[in-house]
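Descriptive analysis of the structure
The lines below spell out each chain.
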Amino acid sequence: MISVADALTHLFDLAKPLKTEVVPLKHANGRVLAKDTVARRDQPPFSASAMDGYAVRNADVSPGATLTVIGESAAGHRFDGAIQPGECVRIFTGAPLPNGADRIVIQEDVTATGTQITIGDTLDSNAYVRAKGFDFKDGEVVAAPKVLRPADIALLAAMNIAEVTVTRRPKVAILSTGDELVMPGETPTEDQIIASNSFGLYAMLKDIGADPRLLPITRDTKDSLKMAFSLAQDADLLVTIGGASVGDHDLVGEVAADLGMQRSFYKIAMRPGKPLMAGRLSNGAMMIGLPGNPVSAMVCGKIFLEPVLQALLGLGHAPAPEFTAPLAADVATNGPREHYMRAKLDAGQVTVFDRQDSALLSVLAKANCLVIRPPHDPARKAGEIMRCVAI
Ligand SMILES: Nc1nc2c(c(=O)[nH]1)N[C@H]1C(S)=C(S)[C@@H](COP(=O)(O)OP(=O)(O)OC[C@H]3O[C@@H](n4cnc5c(N)ncnc54)[C@H](O)[C@@H]3O)O[C@H]1N2
Ligand code: MOO
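Just so it is clear, the structure is predicted and the values come from calculations on it, not from any experiment.

**What about unusual backbone geometry?**
- Along the chain, A144 connects to P145 via a cis peptide bond; the corresponding omega equals -5°.
- One can find P145 in the loop between β12 (141-142) and β13 (146-147).
- Each neighbour pair has its own omega, and for R271 with P272 the value is -5°, a cis peptide bond.
- Along the polypeptide, P272 turns up in the loop between β21 (270-271) and β22 (277-280).
- The residue N160 is not glycine, and still its phi comes out positive at about 70°.

Pasting the structure below:
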């Protein structure tokens, strides 16, 4: 059995960043920007008014001064002339500042009568002018790699970028194995249960920008598994669930080997998640074989699949992000495997659930983090600081 850290290193060796594609900006949210992208203009492209009011020469501004309004500058329609001493221009938010003006007096601070304004005596000192390039300048770079969020999309649009180069979404085929499984909505026989892991993992993968696909559930025969593997030919990553352990019906490793998988590792000193396997299939795709126990599959998804997906997306090699929190109650000594204990962070303290069996989805669904216990970690007291991963 290898350590969790070694397993991640092996997985990162297998997970090479995928190729890129160009997509319209409106489809780029959540995608990974793969190429530095450069602003094509200054924003604003001219000195602009930040308020509705009057563009004036600062030298003309004093309480009680009277100025003549000689025209109007609106957003999209500049005033072409220049302001001379004693003159001003009616101006609106976002409009270009007329030549000669260097300040906006907001309309609340003037009294307007016909073509005259009189400046009041409660003026603030703000010029209310946004200089050309105040937000960003022509040539400014949005650096890759970066997961694009709505604010990035808005920024790129303002930079006049209509299309962006992003990493292709990893195609992930998800395969549930086992005679006991049926799909949600189907009628199970009395010995059957509902496939749940594939749905949890599908959701997890979708959330992190993959393009997941559920393959039909396979039965516990070599032929059925081989058929399912053949359906995953176009995938970048095949994720199998179950059939990974040592039982007579655990055939995934054997079938993968028959089909030419080069195994990278099998079995890790982790709880839950011991029978994890990974390798490269003969068509070059990655394969990760997850344990069937529902919590094991989901925890392995968090600790291994998510970092692998980030690597495929070109976001580098990083384990699941950790934080620390004090224990709300004592926990017992840990065994020989690194334990990812289901726990709840509440009011700054973390409580480890009593029931840690890897079949308990009801406990996993109540948890919002995993507390990480190194192998043979001694008993810990309330208040001790623990490493945690949010889920
Ligand atoms: N003698 C030993 N037995 C087991 C060992 C061991 O070391 N020696 N390891 C245990 C550990 S740890 C785990 S984890 C499990 C993993 O076994 P498999 O990966 O072979 O999984 P299965 O046997 O196929 O299934 C286990 C359990 O999970 C249910 N399952 C499977 N797939 C799904 C799914 N898609 N959705 C919901 N539930 C699923 C399945 O019905 C079983 O109940 O092995 C231990 N045994
Ligand atoms: O490792 Mo198993 O995943 O403990 O239940």
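Next comes the rest of the write-up.
**A look at the nonpolar core**
- Among the nonpolar cores identified, the biggest contains 74 residues, and L175, L238, V239, I288, F304, L370 and V371 are the most heavily contacted of them.
- When residues of this core are assigned to their parent elements, the largest contribution, 12 residues, is made by helix α6 (residues 294-312).
- Beyond its immediate chain neighbours, meaning those up to four positions away, L238 contacts A173, L175, A232, L281, A285 and M287.

**With respect to the environment of A34**
- For A34, the location among the structural elements is in the loop between β2 (32-33) and β3 (37-38).
- On the neighbour-count criterion, A34 (22 C-beta atoms within 10 Å) is buried.
- With residues up to four places along the chain from it excluded, the contact list for A34 reads T20, A144, P145, T165, V166, T167 and G314.

**With respect to the site of ligand 1**
- Around ligand 1, 26 residues are found, and the nearest of them are G242, A244, S245, P291 and G292.
- Among the secondary structure elements, those contributing two or more residues to the shell around ligand 1 are α3 (197-207) and α6.
- Taken together, the residues that form the shell around ligand 1 break down as 10 nonpolar, 13 polar and three charged.

**Focus: α3**
- Within the span of α3, buried status applies to N197, S198, L201 and L205. The buried residues of α3 occupy an angular sector of 90° when projected down its axis, which confines them to one face. When the buried face of α3 is taken as reference, the exposed residues oriented beyond 90 degrees from it are A203 and D207.
- Residues of α3 that are buried in the fold lie against β15 (171-176), β18 (211-214), β19 (237-241) and α6.
- Of the residues one or two after α3, G209 is the one with positive phi, at around 90°.

**Structural notes on the site of ligand 2**
- R271, P272, G273, K274, P291, N293, S296 and S358 make up every residue found near ligand 2.
- For the shell around ligand 2, the class distribution of residues is two nonpolar, four polar and two charged.

**Focus on the domain arrangement of the protein**
- The domain architecture assigned to the protein consists of domain 1 (4-18 + 168-312), domain 2 (20-42 + 137-167), domain 3 (48-130) and domain 4 (322-390).
- A straight line from the C-alpha centre of domain 1 to that of domain 3 covers 67 Å.

**A closer look at the pairing of strand β25 (residues 338-346)**
- Pairing of β21 with β25 involves two bridges; the strand directions are parallel. In the strand pairing of β25, R271 is matched with H339.
- Across five bridges, β25 lies against strand β27 (residues 369-373) in antiparallel orientation. By the bridge assignment, A343 is partnered in β27 with C369.
- By the bridge criterion, four bridges tie β25 to strand β26 (residues 349-352) in an arrangement that is antiparallel. Its bridge partner being in β26, D346 is matched across the sheet by Q349.
- Remark: two residues form the turn of the hairpin made by β25 and β26, two consecutive strands paired antiparallel; A347 in that turn has positive phi of roughly 50°.

**A look at the sheet that holds strand β20 (residues 262-266)**
- Strand order across the open sheet formed by six strands is β18-β15-β19-β23-β22-β20, with mixed pairing between neighbours. Of all the strands in the sheet, just β18 and β20 have a single pairing partner and so form its edges. With strand direction ignored, the average angle separating the axes of adjacent strands in the sheet is 20°.
- The sheet strands contacting α3 are β15, β18 and β19, and the helix crosses β15 at an angle near 165°.

**Some remarks on the environment of E87**
- If you trace the backbone, E87 turns up in strand β7 (residues 87-91).
- C-alpha separation for the pair E87 and I217, spaced 130 residues apart in sequence, amounts to 79 Å.
- The contact partners of E87, leaving out residues within four places of it in the chain, are L67, T68 and I70.

**Here we look at the UniProt feature "domain: MoaB/Mog" (unreviewed entry) in the protein**
- As recorded in UniProt, the feature "domain: MoaB/Mog" (unreviewed entry) lies at residues 173-311.
- Secondary structure across residues 173-311 divides into 32% helix and 24% strand, with the first and last C-alpha atoms of the span separated by 17 Å.

**Observations concerning the environment of D135**
- Along the chain, the position of D135 falls in the loop between β11 (129-130) and β12.
- Under the C-beta neighbour-count criterion, D135 is labelled partly exposed, with 15 such atoms within 10 Å.
- Separated by 20 residues in sequence, D135 and L155 place their C-alpha atoms 9.6 Å apart.
- Aside from chain neighbours lying at most four places away, what touches D135 is Q43 and P44.

**Looking at the sheet that holds strand β6 (residues 66-73)**
- Taken in spatial order, the six strands of this open sheet run β8-β5-β7-β6-β10-β9, and their pairing is mixed. Each edge of the open sheet carries a strand with a single partner, namely β8 (103-106) and β9 (110-113). This sheet shows a mean twist of 40° between the axes of neighbouring strands, independent of strand direction.
- Bridge count for β6 against strand β10 (residues 116-119) is three bridges, and the pairing is antiparallel. The residue of β10 that forms the bridge with T68 is Q116.

Parameters at a glance
- Residues numbered from 1 in each chain as written.
- Chains lettered and ligands numbered in written order.
- Predicted model: local features only at pLDDT ≥ 70, side-chain atom pairs only at ≥ 80, totals over all residues.
- Helix = DSSP H or I, 4+ residues; strand = E, 2+ residues; numbered from the N terminus.
- Core = buried A, V, L, I, M, F, W, Y, C linked by C-beta atoms within 7 Å.
- Buried ≥ 20, exposed ≤ 12 C-beta atoms within 10 Å, placed from the backbone.
- Contact = placed C-beta atoms within 7 Å.
- Near = placed C-beta within 6 Å.
- Nonpolar A, V, L, I, M, F, W, Y, C, P; charged D, E, K, R; others polar.
- Arc of directions from axis to C-beta.
- Domains from an automatic or database assignment.
- Pairing = 2+ DSSP bridges.
- Axes fitted to C-alpha atoms, helices over the stretch in contact; angles between N-to-C directions.
- UniProt positions renumbered as here; feature names shortened; annotations may be inferred.

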